Amino acid sequence: MRNQNNGEHTSIEEILRNFGRRPYGWYPMAVLTLVSRLFRMGKVELRTAELLDAQSALDHLRNTRQRGSVRVRLQEQFDATKVNALKTFHHDFFDRPNNGTEARSVGQLTSEALDAESRDLTVLLDQAIRYPFLEPLRPIVKQLSSLAENDYTYLLNHLADFQDDLHTAKDDVLSPIKAFMHSPQRIAFDDAIAFLREEEANFAEVPASEVQPLRDLATSVHPYRGNVVPTAKAAVTKLRRLLAELLKSEHDHAIAALNTQRSRLQAVEDFALLDDSGRNQVLAFTLAAREAIKSARFVTGIRDRLQRYITQDYPAQLALASRLATPAPRPPGKPGDKTPPLAQPVR
């Protein structure tokens with residue numbers, strides 16, 4: 001390709017025009033077939049704004065309107081050492097072999113793998129709000145995406161510029177995070193963090209040392225390392241038992257206090273004068289407090305509801321009993337009205 005040596009770009013359209021003239025006189029299909037064979041053999045590369053793979057090259061060669069935009073370039077020759085080095089990197093970093101047979105296919109497969117890895121890690125990064133420890137993935141994703149956008153020749157010629165960094169990233173960040181996110185460890189992490197948030201109001205009633213493993217987990221930058229997750233999991237088990245015992249004790253105490261107040265109320269003279277309907281109205285306050293205490297999940301909720309009953313509801317019950325026990329005054333009669341005689345029972 002003389003034009004390539006002069007720094008010029010040669011398009012498919014120009015090749016067709018050149019070999020269609022004398023002294024060649026080749027048919028366009030013969031020229032396209034020859035170019036395609038050279039492409040498949042790895043002797044030339046076809047590109048538009050970017051390098052074309054086999055399918056996109058076929059689509060462009062079939063479309064007469066696109067042939068002018070397809071540039072043909074002699075395939076750069078690479079030392080076998082570079083090709084093998086990239087294949088080795090591919091196998092070590094992605095844990096699967098590179099099945100390319102020559103420089104271009106090896107480079108393209110690695111480029112595609114870098115792009116796929118970048119997209120997979122981006123999906124993980126979308127969860128960074130929930131899992132802040134995923135943030136170290138961000139610069140790695142940026143590097144992988146940038147490498148995938150380069151021509152395959154860059155990967156072959158500049159492997160030494162990025163392979164050590166990516167191997168270190170894999171060992172220190174990628175592999176541990178992937179293993180963590182797809183293991184029971186992540187489920188244990190979720191359970192512990194959810195428990196910490198849901199029961200925060202109760203933790204003031206237990207020793208701070210019992211809760212500390214959960215707080216350590218919540219602030220851990222690397223929960224996928226060490227034993228911070230197993231320690232938090234064990235703490236959750238113990239705290240569930242402690243809180244269950246604590247809530248039962250508070251429930252029992254509060255119900256006993258309500259029963260004492262009910263007995264006091266029933267001993268009041270005004271309450272004794274009430275019929276069943278009146279007594280039910282007065283005791284409705286006690287029943288409401290009892291139901292609220294039974295359903296309360298937090299110790300402070302139980303104590304607050306009991307205190308509100310003692311300071312507000314119980315005095316309201318006394319006032320209601322007094323009002324219901326006092327006969328309603330008769331409306332005043334008109335001047336000259338006589339008291340009507342009592343009705344005689346019908347015999």
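Residue positions are given per chain, counted from 1 along the sequence in the order it is written. Per-residue local features of the predicted model are confined to residues with pLDDT of at least 70, and side-chain atom pairs are confined, for both listing and counting, to 80 or more; whole-chain, interface and lining totals are unaffected and use all residues. As a rule here, side-chain values come from all non-hydrogen atoms in the structure, and water together with hydrogens is ignored.

Which parts of the structure should I look at to understand the nonpolar core?
Buried together is how nonpolar side chains tend to be arranged in soluble globular proteins. If you look at the biggest cluster of nonpolar residues, it comprises 77 residues, and the most contacted ones within it are L137, F203 and L214. Each helix is a run of H or I in the DSSP string that is no shorter than four residues. Each strand is a run of E no shorter than two, and both are numbered from the N terminus. Considering every element that reaches this core, the biggest residue donor is helix α12 (residues 228–266), with 14 residues. Excluding residues within four positions of it along the chain, L137 makes contact with L121, L124, L125, V173, L174 and I177. Note on terminology: a nonpolar core comprises buried Ala, Val, Leu, Ile, Met, Phe, Trp, Tyr and Cys residues joined through side-chain atoms within 4.5 Å. Exposure classes here rest on a 1.4 Å probe applied to the protein chains alone. A residue is buried below 20% of its type maximum, exposed above 50%, and partly exposed in between. In terms of nonpolar packing, the next biggest core, distinct from the first, is built from 14 residues, I12, V31, L52 and A57 among them. Whether two residues are in contact is decided by their heavy atoms: any pair within 4.5 Å suffices.

Hey, could you run me through the packing of aromatic side chains in this one?
Stacked, tilted and edge-to-face pairs are distinguished by plane angle, under 30 degrees for stacked and over 60 for edge-to-face with tilted covering the rest, among Phe, Tyr and Trp rings (Trp via its six-membered ring) whose centres lie within 6.5 Å. Going through the model one piece at a time under the given rule, you end up with 15 aromatic pairs. Geometrically, the ring pair formed by F19 and Y24 is tilted, given 4.8 Å between the ring centres and 50° between the ring planes. By relative accessible area, Y24 is classed as partly exposed at 42%. When the ring of F195 is compared with that of F203, the centres are 5.9 Å apart and the planes differ by 55°; the resulting orientation is tilted. With relative accessibility at 5%, the residue F203 sits in the buried group. Taken together, Y131, F133, F180, F189 and Y224 form an aromatic cluster joined through their ring pairs.

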